[in-house]
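One letter stands for each residue in the lines below.
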Amino acid sequence: MDISVIVPLYNEDESLPELEAWIRRVMEANGFSYEIIFVNDGSTDRSWQVITELQKQNHNVKGVCFRRNYGKSPALNVGFERAAGNVVITMDADLQDSPDEIPELYRMITEEGYDLVSGWKQKRYDPLSKTIPTKLFNATARKVSGIHNLHDFNCGLKAYRKDVVKNIEVYGEMHRYIPYLAKNAGFSRIGEKVVHHQARKYGKTKFGLNRFVNGYLDLLSLWFISTFGGKPMHIFGFLGSIMFLIGFIAAIVVGAMKIYALNHGMPYRLVTESPYFYIALTMMLLGSQFFLAGFIGELVARNAAGRNDYQIREEI
């Protein structure tokens with residue numbers, strides 16, 4: 001099979017027939033063998049009934065229906081597990097992504113050798129309250145991930161080589177960082193294509209401004225896990241050792257100052273009356289706790305089921 005199109009959706013019953021007809025028209029015009037996998041993320045409208053009707057009319061349509069709303073990342077992950085096409089295309093169900101982009105995305109994967117091609121909605125039909133935070137978010141993601149050629153990490157229209165979707169796990173709200181997940185899995189040929197962005201035709205957006213706050217927290221979490229997930233002692237042990245050393249030196253200085261005052265007949269006070277003593281003690285305690293956290297994290301990492309799961313590109 002040439003192409004699998006994965007469409008996660010939540011309450012988009014009005015747009016589904018038009019989207020399916022548009023995708024089918026593009027596929028038939030280019031002679032692609034294909035499947036369309038609609039992942040219904042616990043919709044409360046008629047989305048699942050519409051998908052069922054579309055499947056009866058077009059046997060290339062497949063559907064998955066969640067019992068409740070889990071989010072876009074779980075929907076994509078389930079779609080990736082079921083995808084059979086050599087190239088996997090993801091797009092939103094709100095008709096803001098154009099299926100006319102599919103042939104060129106397919107060509108970039110199959111002929112230019114990209115592992116992943118992300119869409120870039122260079123001209124957006126969104127309010128400033130959404131576009132400005134998006135620019136800041138993408139600038140931060142480029143800096144942290146090291147993928148400097150992507151302008152829009154969160155664009156729903158993406159194309160993947162089949163190996164990519166079978167070797168990454170999308171969880172939580174990590175759909176924003178699939179290029180980063182792919183890079184961490186060893187798929188470094190990541191490209192970008194300017195795509196057409198259309199104004200929403202039906203319904204309303206399902207995402208609020210809180211996604212930007214959650215996005216930064218997820219990015220920080222992903223960076224930390226990808227950098228220190230397999231070696232927690234390198235970060236916690238290092239920080240703990242530095243803090244303990246600073247506290248230990250500070251405690252010695254406090255004691256040395258009292259001994260000096262005693263030997264030279266100078267007025268002195270109890271060590272426990274000095275605020276620096278408690279600062280030193282706190283630093284030593286925190287340092288010990290950080291070190292122990294790193295040690296426990298190392299034990300967990302060493303006993304994790306996937307500790308020796310390595311990505312192998314080919315073998316002869």
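Residues numbered from 1 in each chain as written. Predicted model: local features only at pLDDT ≥ 70, side-chain atom pairs only at ≥ 80, totals over all residues. Heavy atoms only, no water.

Student: Would you explain the overall build of the protein chain in this entry?
Tutor: The number of helices and strands found in the protein chain is ten helices and seven strands. At a minimum sequence separation of 6, the contacts of the protein chain that also span at least 24 residues come to 80%. Surface exposure of the protein chain reaches about 17400 Å², of which carbon and sulfur atoms provide 59%. (Helix = DSSP H or I, 4+ residues; strand = E, 2+ residues; numbered from the N terminus. Contact = heavy atoms within 4.5 Å. Areas by Shrake-Rupley, 256 points an atom, 1.4 Å probe, with all protein chains shown as cover.)

Student: Even after reading the chapter, I still don't get the packing of helix α1 (residues 16-30) against helix α2 (residues 47-57), so can you show me in this structure?
Tutor: For any two helices packed against each other, the geometry is given by the interaxial angle and the distance between the axes. As a packed pair, α1 and α2 sit with axes 10 Å apart at the nearest point and diverge in direction by 35°. In the packing of α1 onto α2, the handedness of the crossing is right-handed. Contacts from Leu-16, Pro-17 and Glu-20 in α1 reach Ser-47, Val-50, Ile-51 and Leu-54 in α2. Taken together, the residues that form the contact of α1 with α2 break down as five nonpolar, one polar and one charged. (Axes fitted to C-alpha atoms, helices over the stretch in contact; angles between N-to-C directions. Left-handed = near helix turned anticlockwise from the far one by under 90°. Nonpolar A, V, L, I, M, F, W, Y, C, P; charged D, E, K, R; others polar.)

Student: Would you mind showing me how to read the pattern of salt bridges here?
Tutor: If charged atoms from side chains of opposite charge come close, those side chains can pair. Applying the stated criterion across every chain yields a total of twelve salt bridges. Across the salt bridge formed by Glu-104 and Arg-107, the nearest N and O atoms sit 2.7 Å from each other. With Glu-104 and Arg-107 both in helix α4 (residues 102-110) and three residues apart, this pair spans about one turn of that helix. By relative accessible area, Glu-104 is classed as partly exposed at 29%. (Salt bridge = Lys/Arg side-chain N within 4 Å of Asp/Glu carboxyl O. Buried < 20%, exposed > 50% of the residue type's maximum accessible area, 1.4 Å probe, protein only.)

Student: Is there a simple way to think about the sheet that holds strand β5 (residues 116-120) in this case?
Tutor: The strands making up a sheet are joined through hydrogen bonds of the backbone, oriented either antiparallel or parallel. The mixed open sheet is built from seven strands, whose spatial order is β3-β2-β1-β4-β6-β5-β7. What marks the edges here is a single partner per strand, and that holds for β3 (61-65) and β7 (190-194). Direction aside, neighbouring strands of the sheet carry axes that sit 20° apart on average. For strand β1 (residues 3-9) and strand β4 (residues 87-90), the ladder comprises four bridges, and the chain directions are parallel. By the bridge assignment for β4, Val-5 is matched with Ile-89. The sheet strands contacting α1 are β1, β2 (34-40) and β3, and the helix crosses β2 at an angle near 160°. (Pairing = 2+ DSSP bridges.)

Student: I keep staring at the UniProt feature "transmembrane region" (unreviewed entry) in the protein chain and nothing clicks. Help me out?
Tutor: UniProt tags residues 235-256 and 276-301 as "transmembrane region" (unreviewed entry). For residues 235-256, the end-to-end C-alpha separation is 32 Å, with 100% helix and 0% strand making up the annotated structure. Helix makes up 100% of residues 276-301 and strand 0%, with an end-to-end C-alpha separation of 37 Å. (UniProt positions renumbered as here; feature names shortened; annotations may be inferred.)

Student: Please clarify how the pairing of strand β6 (residues 158-161) should be interpreted in this entry.
Tutor: Two faces make up the sheet, and in a regular strand the side chains alternate between them. Two strands pair when backbone bridges link them, and β4 and β6 are joined in this way by four bridges, in the antiparallel orientation. In the strand pairing of β6, Val-87 is matched with Arg-161. Pairing between β5 and β6: three bridges, direction antiparallel. The residue of β6 that forms the bridge with Val-117 is Ala-159.

Student: Could you clarify how one ought to interpret the packing of aromatic side chains in this entry?
Tutor: The geometry of an aromatic ring pair is captured by the separation of the ring centres together with the interplanar angle, meaning the angle of the planes. Throughout the structure, instances matching the rule amount to seven aromatic pairs. On the numbers, 5.2 Å between centres and 90° between planes, the contact of Phe-66 with Tyr-70 is edge-to-face. For Phe-66, a relative accessible area of 13% puts it in the buried group. Its relative accessible area of 43% is what places Tyr-70 among the partly exposed residues. Above the plane of the ring of Tyr-114 lies Arg-189, whose end atom (NZ or CZ) is 5.2 Å from the centre. (Phe/Tyr/Trp six-rings, centres within 6.5 Å; stacked < 30°, edge-to-face > 60°. Lys NZ or Arg CZ within 6 Å of the ring centre and 35° of its normal.)

Student: Looking at this structure, I do not really get the environment of Gly-146. What am I missing?
Tutor: Positionally, Gly-146 belongs in the loop between α5 (128-145) and β6. The exposure class of Gly-146 is partly exposed, given its relative accessible area of 34%.

Student: Looking at this structure, how should I read the pairing of β5?
Tutor: Summarising burial for β5: four of the five residues are buried, a large majority. One ladder, built from five bridges, connects β5 with β7; its direction is parallel. For Val-117, the partnering residue across the bridge sits in β7 and is Gly-191.

Student: Sorry if this is basic, but what is going on with the side chain of Asn-40 here?
Tutor: Secondary-structure assignment places Asn-40 in strand β2. If sequence neighbours within four positions are ignored, Asn-40 has contacts with Leu-9, Ser-47, Trp-48, Ile-51, Val-64, Cys-65 and Phe-66.

Student: Explain the packing of helix α9 (residues 233-263) against helix α10 (residues 275-302) here, please?
Tutor: The interhelical angle for the contact between α9 and α10, taken along N-to-C directions, is 160°, at an axis separation of 7 Å. When the interaxial angle is binned, α9 and α10 end up roughly antiparallel. The interaxial crossing formed by α9 with α10 has left-handed handedness. (Parallel < 35°, antiparallel > 145°, perpendicular 65-115°, else oblique.)

Student: Any chance you could explain unusual backbone geometry here in plain terms?
Tutor: One non-glycine residue, Asn-11, adopts positive backbone phi at about 55°. Note that Asn-11 resides in the loop between β1 and α1. The backbone phi angle of Leu-95 is positive, close to 70°, even though this residue is not glycine. In this fold, Leu-95 is placed in the loop between β4 and α4. According to the relative accessible area criterion, Leu-95 is buried, its value standing at 4%.

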